[in-house]
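# A closer look at the structure
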Amino acid sequence: MKNIILVLFLTIANLFVFGQEKKVNNYKFIVVPDRFDFLKQKDEYKTSSLTKFLLKKNGFTVFLNSEQYPKDLIDNPCSGLKALVLDKSTMFKVKVIIELRDCSNRLLYTSKEGVSKLKEFKKGFQEAIRNAHASMIDVVFEPFLLEPVSYTHLRAQESRGLGDVYKRQTYR
């Protein structure tokens, strides 16, 4: 009897601990700083605008911190993430990491290190950011559907060539 209670307790505790895990997909918005800490000027080497562009390709709504935010993000600042590019460069290589943090500054995602051997700073940072973003293929915004979708409905849509629209959405 004690073993059954212990197993039930551990199972419930496990659900509480891992069930509350924050995922990047829980956030619709990403805010990219105008100037990263390792740079001296706003959008130097086009790093901020390139990061914004690349994260938009993942399906997120991305804003620079100097742009006007939508009402949803203004009303609930915790509905967005902050994207940071960290410089890990050495003498001969430009290395960067892209981090996604929530409003409490908790780290939710870290990309793999993007590396470039180009000597020119602008091209080197841009190539390194693109390489770091290439490791973020699993970070895609997938809105949840409110209504369950039947499998036959999906097959009908795919046969008409609309299957790509549904592949990025999560079904219940």
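The coordinates are above.
Here goes a summary of the coordinates provided. Keep in mind that what you see is a predicted model, and the values were worked out from it rather than measured.

## Comments concerning the overall build of the protein chain
When you go through the protein chain residue by residue, the secondary structure sums to 6 helices and 6 strands. Listed N to C, the secondary structure of the protein chain is α-β-α-β-α-β-β-β-β-α-α-α in terms of helices and strands. Within the span of the protein chain, comprising 172 residues, buried residues form 33% of the whole. Intrachain contacts of the protein chain at a sequence separation of at least 6 include 58% that bridge at least 24 residues. When the accessible surface of the protein chain is totalled, it reaches about 11,700 Å², and 57% of it is carbon and sulfur.

## Considerations on the packing of aromatic side chains
In the structure shown here, the tally under the stated rule is 7 aromatic pairs. Taking 6.4 Å as the distance between ring centres and 25° as the angle between the ring planes, the aromatic pair formed by Phe121 and Phe125 counts as stacked. Here Phe125 and Phe121 lie together in helix H4 (residues 121–134), a separation of 4 residues that amounts to about one turn. Take Phe125: its relative accessible area is 5%, and that puts it in the buried class. Chaining the aromatic ring pairs together yields one cluster made of Phe36, Phe38, Tyr45, Phe121 and Phe125.

## Comments concerning the side chain of His133
Take His133: it is sitting in helix H4. Sequence-distant contacts of His133, that is, excluding residues within four places in its chain, are made with Leu54, Leu55, Asn58 and Ile98.

## Re H4
Helix length check: H4, at 14 residues, gives a terminal C-alpha distance of 20 Å against a target of 20 Å (1.5 Å per residue), a fit within 8%. Turning to H4, its buried residues are Gly124, Phe125, Ala128, Ile129, Ala132 and His133. End-on, the buried residues of H4 take up no more than an arc of 165°, which puts them together on one face. Here the buried face of H4 lies against helix H2 (47–56), strand S3 (80–87), strand S4 (94–101) and strand S6 (114–116).

## With respect to the environment of Lys119
By the secondary structure assignment, Lys119 is in the loop between S6 and H4. Residue classification places Lys119 among the exposed positions, given a relative accessible area of 63%.

## Notes on the nonpolar core
Counting residues in each nonpolar core, the largest one holds 27 residues, and the members touching the most others are Ile30, Val32 and Leu100. Sorting the residues of this core by element identifies strand S1 (29–32), H2, strand S2 (61–64), S3, S4 and H4 as the ones contributing at least two each. Beyond its immediate stretch of four places on either side in the chain, Ile30 contacts Leu55, Phe60, Thr61, Val62, Phe63, Leu81, Ala83 and Leu100.

## Looking at the packing of H2 against H4
Packed helices, taken two at a time, are described by the angle between their axes plus the distance between the axes. Between H2 and H4, whose axes approach to 10 Å, the crossing angle comes to 25°. Considering the angle they form, H2 stands roughly parallel to H4. The crossing of H2 and H4 is right-handed. Side by side, H2 and H4 meet where Thr47, Leu50, Thr51, Leu54 and Leu55 of the first sit next to Phe125, Gln126, Ile129, Arg130 and His133 of the second. Split by residue class, the contact of H2 with H4 holds 5 nonpolar, 4 polar and 1 charged.

Definitions and cut-offs
Numbers given for residues are sequential positions, taken from 1 along each chain in its written order. Local features are withheld for residues below a pLDDT of 70 in this predicted model, meaning they are given only at 70 or higher, and side-chain atom pairs are given and counted only at 80 or more; totals for whole chains, interfaces and linings count all residues. Side-chain metrics rest on all non-hydrogen atoms present in the structure, leaving aside hydrogens and water. Numbering of helices and strands runs from the N terminus; a helix is a DSSP stretch of H or I covering at least four residues, while a strand is a stretch of E covering at least two. Throughout, exposure labels follow a simple rule: accessible area from a 1.4 Å probe, protein chains only, divided by the maximum for the residue type, with under 20% read as buried, over 50% as exposed, and the rest as partly exposed. Contacts: residue pairs with any heavy atoms within 4.5 Å of one another. Every accessible area reported is derived by Shrake-Rupley at a probe size of 1.4 Å, with residue values counting cover from the shown protein chains alone. Here a Phe, Tyr or Trp ring, Trp counted by its six-membered ring, pairs with any other such ring whose centre lies within 6.5 Å, and the pair is stacked when the planes are under 30 degrees apart, edge-to-face when over 60, and tilted otherwise. Residue count minus one, scaled by 1.5 Å, sets the expected span of a helix. Here, the arc refers to the directions that run from the helix axis to the C-beta atoms. We call a set of buried residues a nonpolar core when its members are Ala, Val, Leu, Ile, Met, Phe, Trp, Tyr or Cys and they connect through side-chain atoms within 4.5 Å of each other. For helices, the fitted line uses only the C-alpha atoms of the stretch in contact; every axis is such a line through C-alpha atoms, and the angle between N-to-C directions lies from 0 to 180 degrees. To sort the angles, those under 35 degrees are grouped as roughly parallel, those over 145 as roughly antiparallel, those from 65 to 115 as roughly perpendicular, and the leftovers as oblique. Note: crossing handedness is left-handed where the near helix turns anticlockwise from the far helix by less than a right angle, and right-handed where it turns clockwise. In this count, Pro and Cys sit with the nonpolar residues alongside Ala, Val, Leu, Ile, Met, Phe, Trp and Tyr, while Asp, Glu, Lys and Arg are called charged and the others, Gly among them, polar.

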